[in-house]
Amino acid sequence: MNEFTELTELLKAVADQRRLQIISLLSCGKMCVCDITAQLDLSQPNISHHLKILKNADLIVATKRGRWVDYQLNKDKLESLQKRLGDVLAGCDAEECGITRLNCGEKC
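The model shown is predicted, which means the values in this text are computed figures rather than measured ones.

**Q** Which residues make up helix α4 (residues 44-56), and what values go with them?
**A** Here α4 spans 18 Å end to end across 13 residues, near enough to the 18 Å set by a 1.5 Å rise per residue. Three or more residues of α4 are buried, namely Ile 47, His 50, Leu 51 and Leu 54. Down the axis of α4, the smallest arc covering the buried residues is 100°, so these residues share one side. Of the exposed residues in α4, those oriented more than 90 degrees away from the buried face are Pro 45, Lys 52 and Asn 56. Those residues of α4 that are buried are in contact with α1 (3-14), α2 (17-26), α3 (33-40), β2 (60-65) and β3 (68-73). Positive phi shows up at Asp 58, right after α4, with a value of about 65°.

**Q** Quick one: what's the story with the packing of α3 against α4, residue by residue and with numbers?
**A** Interhelical geometry of α3 versus α4 gives an angle of 110° and a closest axis separation of 9 Å. Taken as axis vectors, α3 and α4 run roughly perpendicular relative to one another. Relative to α4, α3 is oriented so that their crossing is right-handed. Listed contacts from α4 to Val 33, Ile 36, Thr 37 and Leu 40 of α3 are Gln 44, Ile 47, Ser 48 and Leu 51. When the residues that make up the contact of α3 with α4 are grouped by side-chain class, the tally is five nonpolar, three polar and no charged.

**Q** Talk me through the sheet that holds β2; I want residue IDs and the actual numbers.
**A** One open sheet accounts for three strands, arranged β1-β3-β2; its pairing is antiparallel. Where the open sheet ends on each side, the last strands, each with one partner, are β1 (31-32) and β2. Pairing of β2 with β3, which is carried by six bridges, proceeds in the antiparallel orientation. What sits directly across from Ala 62, in β3, is Tyr 71.

**Q** Can you lay out the pairing of β3 for me, pointing to particular residues and giving the numbers?
**A** Pairing geometry for β1 and β3, over two bridges, is antiparallel. Looking at the pairing, Met 31 lines up with Tyr 71 of β3. Between β2 and β3, which pair antiparallel and follow one another directly, the connecting turn spans two residues, one of which, Gly 66, has a positive phi of 65°.

**Q** Would you mind going over the side chain of Asn 74 in detail, with residue names and values included?
**A** Mapped onto the fold, Asn 74 is located in the loop between β3 and α5 (75-90). The exposure class of Asn 74 is buried, given its relative accessible area of 15%. Not counting residues up to four positions away in its chain, the partners in contact with Asn 74 are Asp 58, Leu 59, Ile 60 and Val 61.

Conventions we followed
- Within any chain, residue numbers begin from 1 and follow the written order of that chain's sequence.
- In keeping with the model being predicted, local features are shown solely for residues with a pLDDT of at least 70 and side-chain atom pairs are shown and tallied solely at 80 or more, while totals for entire chains, interfaces and linings include all residues.
- Note: side-chain values were computed over all heavy atoms of the structure, leaving out hydrogens and water.
- Helix and strand definitions follow DSSP, with helices as H or I runs of at least four residues and strands as E runs of at least two, each counted in order from the N terminus.
- Take the residue count of a helix, subtract one, and multiply by 1.5 Å to get its expected span.
- Residue burial is assigned from relative accessible area. The probe radius is 1.4 Å, only protein chains are included, and a residue is buried under 20% of its type maximum, exposed over 50%, and partly exposed in between.
- Taking the helix axis as origin, the arc is that swept by the directions to the C-beta atoms.
- We call two residues contacting when some pair of their heavy atoms lies within 4.5 Å.
- Fitting a line to C-alpha atoms yields each axis, with helices limited to the stretch in contact; the angle taken between N-to-C directions then spans 0 to 180 degrees.
- Angle categories are assigned with fixed cut-offs, so that under 35 degrees is roughly parallel, over 145 is roughly antiparallel, 65 to 115 is roughly perpendicular, and the rest are oblique.
- Note: crossing handedness is left-handed where the near helix turns anticlockwise from the far helix by less than a right angle, and right-handed where it turns clockwise.
- Asp, Glu, Lys and Arg are counted as charged, while Ala, Val, Leu, Ile, Met, Phe, Trp, Tyr, Cys and Pro are counted as nonpolar; the rest, among them Gly, fall into the polar class.
- Only strands that DSSP links by at least two bridges are regarded as paired with each other.

No statement about biological role is implied by the geometric values presented.
Right, dumping it as structure tokens:
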């Protein structure tokens, strides 16, 4: 898997208003589905669907507590996502990267 494939999958996981709201809520600490449901006024199955996507992307961690499951952010993964996206958006020095413009064949 190349570096952009994984980054694309992570961005897909956060590219949803509800999932961003869940990430924002979890930034305050652990929460169970019922707490998240109450905060977002969504059904439990809907919240569970979004949590599954975030969990599959390794952006959150689930911890079983009796019959409850607490969710929390995987801060290492989110920090990595933030750094990698920042690196992509910052670009690079074209000469160092050896990038050639397709329309003229000159170095950028």
